[in-house]
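# Coordinates in review
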Amino acid sequence: MNRAATVLLTALAPVSWGTTYAVTTEFLPPDRPLFTSLVRALPAGLLLLALVRVLPRGAWWGRAAVLGVLNIGAFFPLLFLAAYRMPGGMAAVVGSAGPLFVIGFSALLLGQRPAARTLLTGVVAAFGVSLVVLRATSGLDAVGLSAAVASTASMSAGLVLAKRWGSPEGASPLALAGWQLTVGGLLVAPLALLVEGAPPTLDAAAVGGYLYLALAGTALAYWLWFRGIGRLSATQVTFLAPLSPLTAAVVGWAALGETLTVPQLAGMALAFGATVAGQLGPRRTGTVVTVPATPATSLPASSATPTAVGAARPEGPPETPGKVVARRGAAVEG
């Protein structure tokens, strides 16, 4: 599959996440962020595990746990906490700074030096989203702001670590998504019970909303997201994230009767332009592609098959520790 098709399929993940606000406000019981996080993560993770029937082994037990905490278990509760305590769309603005977090973590963990164009594109994306979602407010909540920053940093660190570690031989993106969603769901489960108590009574609309979030907005979306991480650079993937608040704004206008002002439309154009620009990284020929060393026992021999991610092709400079496996032209940020 060519790169453009991979980008488009990966973009479906943040687009589906952008529908979460409308589904939550229109169909789900109010004030149940942790229960919603649990229902989104755990059933989806168990479903994917049942489909692939592959468990991590060796070092990947620890890696799957770390990624599950960063991408799901910590990210979901922090994101909902920020959304409940932050005014307007400030949480979305902080989230739109994800590309800048990824650039920093890529420099720290992957040794990739950011290009000035990439930094500028990240700033433009965040500014565009701010025009779309911000409203006049009286002040900021310190706890909410801290949670928003922490959620963005958590997801960004998880993305870069997933890129650094790649995937064990024989583990498809479905398996990687299943491992992380299950870990995250198991982490959120006791928090939901302790903080929110027993599950609420659900009507038909709520059941339909939760099914949509668990299947389309989580199982399918995270499979596409982790698939994209294996095939694109970390910065390319994260520059697709602004599509989530843009989708939320469009759905609010089309389905909920909300209005879009001229500044909002201008912000949408800026954020979308930055998203496109983030996919146009410079190409270099003869790039050394490296794969971090993976223990031979990461999976049972019976399940060792060529993976679609191919022990991922992690983006990184030649000095990244690992085994040199090929030289090819690739998009490299910085």
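These figures come from a predicted structure and were not determined experimentally.

On to the overall build of the protein, then. Secondary structure assignment for the protein yields 14 helices and two strands. Here the protein holds 334 residues, and the buried ones make up 52% of them. Considering only intrachain contacts with a sequence separation of at least 6, the fraction spanning at least 24 residues in the protein is 91%. Working note: accessible area of the protein is about 14600 Å², and carbon and sulfur atoms make up 70% of it.

The residue Asp31 is not glycine, and still its phi comes out positive at about 55 degrees. Locating Asp31 in the fold gives a position in the loop between α2 (20-27) and α3 (33-52). Of note, the phi angle at Arg53 is positive, near 50 degrees, even though the residue is not glycine. Relative to the helices and strands, Arg53 is located in the loop between α3 and α4 (59-73). Using a relative accessible area of 74% as the deciding quantity, one classes Arg53 as exposed.

Our next topic: the environment of Gly98. With respect to the element layout, Gly98 can be found in helix α7 (residues 98-110). The residues contacting Gly98, other than those within four sequence positions of it, are Thr152, Ser156 and Thr238.

Our focus in this paragraph is the environment of Gly273. Take Gly273: it is sitting in helix α14 (residues 262-277). Overall, Gly273 belongs to the partly exposed group, its relative accessible area being 36%. Between the alpha carbons of Gly273 and Thr121 there is a distance of 8.8 Å; along the sequence they are 152 residues apart.

Here we take up the packing of helix α9 (residues 142-165) against helix α11 (residues 204-231). Running from amino to carboxyl end, α9 crosses α11 at an angle of 55 degrees, the nearest separation of the two axes being 9 Å. As far as their axial angle goes, α11 and α9 are oblique. Two packed elements cross with a definite hand, and for α9 against α11 that hand is right-handed. Only Tyr222, Trp225, Ile229, Gly230 and Arg231 of α11 make contact with α9, whose side of the interface consists of Met155, Leu159, Ala162 and Lys163.

The subject of this paragraph is a nonpolar patch on the surface. On the surface, Leu47, Leu51, Leu202, Val207, Leu211 and Leu215 cluster together into a nonpolar patch covering about 520 Å² of accessible area. Counting only elements with at least two residues in the nonpolar patch, the list comes to α3 and α11. Broken down by element, the nonpolar patch gets its largest block of residues, three residues, from α11. Residue placement: Leu202 occurs in the loop between α10 (173-196) and α11.

Across its 28 residues, α11 extends 39 Å between first and last C-alpha, which sits within 8% of the 40 Å expected from 1.5 Å per residue. At Ala221, α11 is bent by approximately 30 degrees, the largest bend along its length. The N-terminus of α11 is capped by Asp203, whose side-chain oxygen sits 3.3 Å from the backbone nitrogen of Ala205.

Here we take up the nonpolar core. Grouped together as the largest cluster of nonpolar side chains are 43 residues, with contacts concentrated most on Trp17, Trp179, Leu181, Tyr222, Trp225 and Ile229. Per element, the largest residue contribution to this core is seven residues, and it comes from α9. Ignoring sequence-local partners within four residues, the contact set of Trp225 consists of Thr10, Ala13, Pro14, Trp17, Met155, Leu159, Val237 and Leu240. Counting eight residues, the second-largest nonpolar core is a separate cluster that includes Val93, Val133, Ala249 and Ala271.

Thresholds applied
- Residues numbered from 1 in each chain as written.
- Predicted model: local features only at pLDDT ≥ 70, side-chain atom pairs only at ≥ 80, totals over all residues.
- Heavy atoms only, no water.
- Helix = DSSP H or I, 4+ residues; strand = E, 2+ residues; numbered from the N terminus.
- Buried < 20%, exposed > 50% of the residue type's maximum accessible area, 1.4 Å probe, protein only.
- Contact = heavy atoms within 4.5 Å.
- Areas by Shrake-Rupley, 256 points an atom, 1.4 Å probe, with all protein chains shown as cover.
- Axes fitted to C-alpha atoms, helices over the stretch in contact; angles between N-to-C directions.
- Parallel < 35°, antiparallel > 145°, perpendicular 65-115°, else oblique.
- Left-handed = near helix turned anticlockwise from the far one by under 90°.
- Patch = residues over 30% accessible without salt bridge, like charges linked within 9 Å, V, L, I, M, F, W, Y side chains within 5 Å.
- Salt bridge = Lys/Arg side-chain N within 4 Å of Asp/Glu carboxyl O.
- Expected span 1.5 Å × (residues − 1).
- Bend = angle between axes of the 7 residues up to and from the residue.
- Polar contact = N/O pair within 3.5 Å; in protein donor to acceptor, adjacent residues only side chain to side chain.
- Core = buried A, V, L, I, M, F, W, Y, C linked by side-chain atoms within 4.5 Å.

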